[in-house]
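# Report on the structure
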Amino acid sequence: MSANPKVERSSAVLTERFVAVEQAVVQAGERIPADVAAQLEEHLDTVRGRLSVGVDFTVVALVGGTGSGKSSLFNALTGIDFAQVGVKRPTTSQPLACVWGENAEKLLDHLGIEPENRYKRESELDAGDEEDLQGLVLVDVPDHDSIAEEHREFVDQIVPLADVLIWVLDPQKYADAAVHTRYLQELGGHERSLMVVLNKSDTVPEVALPSLLADVGRLLSQDGLNEVPVRAVSTVSQEGVVGLRDVLAQLTQTRSAAAVRAAVDLRAAGDLLAPTVGDSEPDREDLPVSATAAILAEAADVMALQARMRDAIPTAKPGDELPTIDDEHGIDSELVEAAREKIIEPAQARLPKLWAQSVAAAVPLEGELAEELRAGMKSVPPPRLPIGLRRAKQVVLSFLWLVIIALIAWGVWLIAAPNSAPTLTGVRVPYVTQSFTDWGRPELVLPALGIALAIILLLIASAIFGAQLRRARDLRAREYGDGLRAEAAVLVGERMVAPVTAVHHSHREVREVITSVRKELEGTRPREIVRGSAHRE
Ligand SMILES: Nc1nc2c(ncn2[C@@H]2O[C@H](COP(=O)(O)OP(=O)(O)OP(=O)(O)O)[C@@H](O)[C@H]2O)c(=O)[nH]1
Ligand SMILES: [Mg+2]
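Given the structure is predicted, the values throughout are model-derived calculations rather than measurements.

### Looking at the overall build of the chain
The helix and strand inventory of the chain stands at 17 helices and 7 strands. Residues classed as buried in the chain amount to 39% of the 537 residues present. Of the contacts made within the chain by residues no fewer than 6 positions apart, 81% connect residues no fewer than 24 positions apart.

### Comments concerning the sheet that holds strand 7 (residues 230-232)
What the 7 strands build is an open sheet, ordered 3-2-4-1-5-6-7; its pairing is mixed. Each of the sheet's edge strands pairs with one partner strand only, and the pair in question is strand 3 (118-120) and strand 7. Neighbour-to-neighbour, the strand axes of the sheet open up by a mean angle of 20°, direction not taken into account. Sheet topology places strand 6 (residues 194-198) next to strand 7; 3 bridges connect them, and they run parallel. The residue bridging Val-197 from the neighbouring strand is Arg-231, located in strand 7. Across the sheet, helix 3 (residues 70-78) touches strand 1 (58-64), strand 2 (96-100), strand 4 (136-140) and strand 5 (164-169), and the angle it forms with strand 4 is around 155°.

### What about the nonpolar core?
Nonpolar side chains tend to gather and get buried jointly when the protein is soluble and globular. By size, the foremost hydrophobic cluster in this structure holds 118 residues, and its most contacted members are Ala-61, Val-139 and Leu-296. In terms of residue count, the dominant contributor to this core is helix 17 (residues 445-520) (14 residues). Once residues within four sequence positions are removed from consideration, Leu-296 is found in contact with Val-336, Ala-339, Leu-373, Ala-488, Leu-491 and Val-492.

### Focus on the confidence of the model for the chain
Predicted confidence across the chain gives a mean pLDDT of 87, with 89% of residues reaching 70 or more. Below pLDDT 50 for its whole length, residues 1-8 participates in 25 contacts with residues either more than four positions away or in separate chains.

### Section: the packing of helix 12 (residues 333-348) against helix 14 (residues 366-378)
For any two helices packed against each other, the geometry is given by the interaxial angle and the distance between the axes. Taken N-terminus to C-terminus, the directions of helix 12 and helix 14 make an angle of 105°; their axes are 9 Å apart at the nearest point. Classified by the angle between their axes, helix 12 and helix 14 sit roughly perpendicular to one another. Counting all contacts with helix 12, which are made through Ser-333, Val-336, Glu-337 and Arg-340, the residues of helix 14 involved are Glu-366, Leu-369 and Ala-370. Of the residues assigned to the contact of helix 12 with helix 14, the class counts are 3 nonpolar, 1 polar and 3 charged.

### So, the pairing of strand 1
For strand 1, the tally of buried residues reaches 7 of 7 residues, placing the bulk of the element in the interior. Neither face of strand 1 is open: one carries Thr-58, Val-60, Leu-62 and Gly-64, the other Val-59, Ala-61 and Val-63, and all of them are buried. With 5 bridges connecting them, strand 1 and strand 4 associate as parallel partners. From the neighbouring strand, Val-59 faces strand 4, where its bridge partner is Val-137. Bridge count between strand 1 and strand 5: 5 bridges; the pairing is parallel.

### A word on the environment of Val-63
Note on placement: Val-63 falls in strand 1. For Val-63, a count of 25 C-beta atoms within 10 Å gives the class buried. For Val-63 and Leu-165, which are 102 residues apart along the polypeptide, the C-alpha to C-alpha distance reads 6.9 Å. In contact with Val-63, not counting residues within four places along its chain, are Val-141, His-144, Val-155, Val-159, Leu-165, Trp-167 and Val-168.

### Focus: helix 15 (residues 387-416)
Compared with the 44 Å implied by 1.5 Å per residue over 30 residues, the 43 Å span of helix 15 between its first and last C-alpha is a close match. Within helix 15 the residues assigned to the buried category are Leu-400, Leu-407 and Trp-410. Where the residues of helix 15 are buried, they touch helix 17.

### Quick word on unusual backbone geometry
With phi around 60°, Asn-103 is a residue other than glycine that occupies positive phi space. Positionally, Asn-103 belongs in the loop between strand 2 and helix 4 (105-111). Positive phi values are uncommon outside glycine, yet Lys-200 reaches one of about 60°. Mapped onto the elements, Lys-200 comes out in the loop between strand 6 and helix 7 (209-222).

### What about the packing of helix 10 (residues 289-299) against helix 17?
Relative to each other, helix 10 and helix 17 sit at 120°, their axes nearing to 8 Å. Considering the angle they form, helix 10 stands oblique to helix 17. For the crossing formed where helix 10 meets helix 17, the hand is right-handed. When helix 10 is examined against helix 17, the residues Val-289, Thr-292, Ala-293, Leu-296 and Ala-297 are found in contact with a partner set consisting of Leu-484, Arg-485, Ala-488, Ala-489, Leu-491, Val-492, Gly-493, Met-496 and Val-497. Classifying every residue of the contact of helix 10 with helix 17 by side-chain character gives 11 nonpolar, 2 polar and 1 charged.

### Brief notes about the environment of Phe-82
Turning to its location among the elements, Phe-82 is positioned in the loop between helix 3 and strand 2. Given 17 C-beta atoms within 10 Å, Phe-82 falls into the partly exposed group. When the C-alpha atoms of Phe-82 and Ser-72 are compared, they prove to be 9.6 Å apart, with 10 residues separating the residues in sequence.

### A word on the environment of Ala-361
Mapped onto the secondary structure, Ala-361 falls in helix 13 (residues 353-362). The class of Ala-361 is partly exposed, set by 14 C-beta atoms lying within 10 Å. Through-space distance from the C-alpha of Ala-361 to that of Ile-344 is 9.4 Å; in sequence the pair is 17 residues apart.

The rules behind the values
- Residues take numbers from 1 onward in each chain, read along the sequence in its written order.
- Think of it this way: whatever chain is written first is A, whatever ligand is written first is 1, and the rest follow in order.
- Restriction of local features to residues with pLDDT of at least 70 applies here, the model being predicted, together with a cutoff of 80 or more for giving and counting side-chain atom pairs; totals for whole chains, interfaces and linings are based on all residues.
- Think of it this way: any DSSP run of H or I at least four residues long counts as a helix, any run of E at least two long counts as a strand, and we number them from the N terminus.
- Our exposure labels follow a C-beta count within 10 Å of each residue's own C-beta, placed from the backbone: buried means 20 or more other C-beta atoms, exposed means 12 or fewer, and partly exposed covers the counts in between.
- Note on contacts: residues are paired as contacts if their backbone-placed C-beta atoms lie within 7 Å.
- For two strands to be treated as a pair, DSSP must find no fewer than two bridges joining them.
- Lines fitted to the C-alpha atoms define the axes, with helices restricted to the stretch that makes contact. Angles between their N-to-C directions range from 0 to 180 degrees.
- Structurally, a nonpolar core is described as a collection of buried Ala, Val, Leu, Ile, Met, Phe, Trp, Tyr and Cys residues joined by way of C-beta atoms within 7 Å.
- On a range of 0 to 100, pLDDT expresses the predictor's confidence in each residue.
- Put simply, angles under 35 degrees are roughly parallel, angles over 145 are roughly antiparallel, angles from 65 to 115 are roughly perpendicular, and the rest are oblique.
- Charged residues are taken to be Asp, Glu, Lys and Arg, nonpolar residues to be Ala, Val, Leu, Ile, Met, Phe, Trp, Tyr, Cys and Pro, and polar residues to be all remaining types, Gly included.
- Expected helix span is computed as 1.5 Å times (number of residues minus one).
- Handedness of each helix crossing follows the sense of rotation of the near helix against the far helix: counterclockwise by less than a right angle gives left-handed, clockwise gives right-handed.

Put into structure tokens, the structure is as follows:
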């Protein structure tokens, strides 16, 4: 698939990183400042454009004035006579391309090169010798100073798309105004991908060549193009041609210039995005969940609700309505706002302004929170009444009263009709029996003792049941209060913590993409395109 296996990997990595950056930009959305977003889109469009036509090829375009020898140089470098060389000016009317490698069609379409003007070098002749140029697309461009409008259009189309421009100059015309004003000056800043070749060196006396090259360098500097490599070649004597071919070979052996440029743009996108995110996100543990729930519980006055319930339980009968929360229940809006701030503030820590705003916007407003809090608390069921315990108390106390009444009746009967009333004799209780015997009523010992015992039991049972019922009342009122507090905690979890942590999650993902893009593409500079592979001769 790739022109050069070495660069295929970088192309895949770039595509992957590009997609990640695009997704991060979507994820960050409005949290990227508008001016940054506009610049970002420009960078990403450029990268998208490059990646869509592939970054595996290095496009080298031969440009320059008519007759400077572009077509001759094209033929010299490709080793074939594909380009027409002529004395009639201008000669080349359509751009030609020679490709070393497979699958460059999309790129050539993009460059606007007609199918009949494409030459695939690798498949012809001895492909092995051309191995070092795998991944190269060499384009012979019509003259830029042409009288034909169409030629200038070709130049304008190809120049921005080429990875490396080789500006072919004629020693006789190198100072031409058109060369310097229109194109070279506009290229200021792109000098790393520009080389200048002074052709027809055979027509210049050898001694004059160094000063001529220096003069070209000076003119380039005047145009704002510093550090542009300048070489002398001759397609007639072949001088410098092999050296130039080696430069092209080095360009294609290293990472493709297009890939480097895409990486530079992608890295620039990462650099643009970097200040829009913070270094880290607040930890979930740093969010005061229980303190916020406590404020919400206070806003709903749960303590008072619990006390009201506690007071209502003892007297409530089955079927009675207990004092639960109703639609009228007031919720303190200031406290709800305080609860919002309690979560929002630490959740915004260390985040840049727009992300911090996004955190605040993720939490519902006070009115909505109060409404949901009331609705949640309304759903808490009223406590069950301690019916079983009350019945048990009733049964036990009633039984004891019955016993007391029966014993009193027995005693009265014994007094009123001693002969007919049933009696139990032989019960001896020291001192008590004696007292009743002295009084002449020994048969009343038993009922009297029974009544005393029953009253004691009655008092004990009352005390025990009373305590049990109070405990049940407190417990159930507390359970109800806890149910209300749990609703406040659920609201904090679902409507406050969850949305802010979702913002944190997005921030983390965006931040990690930015960090990895910048780290991976660190040091990727346009300089790599020609540094070390081209020099002044
Ligand atoms: N002496 C000399 N003549 C050269 C050299 N290279 C090219 N020429 C001649 O310069 C003339 C123009 O060459 P081309 O290669 O057609 O130039 P071009 O830049 O392609 O011209 P256009 O297609 O019109 O833009 C031809 O007559 C070539 O033979 C060279 O190195 N030395
Ligand atoms: Mg030509």
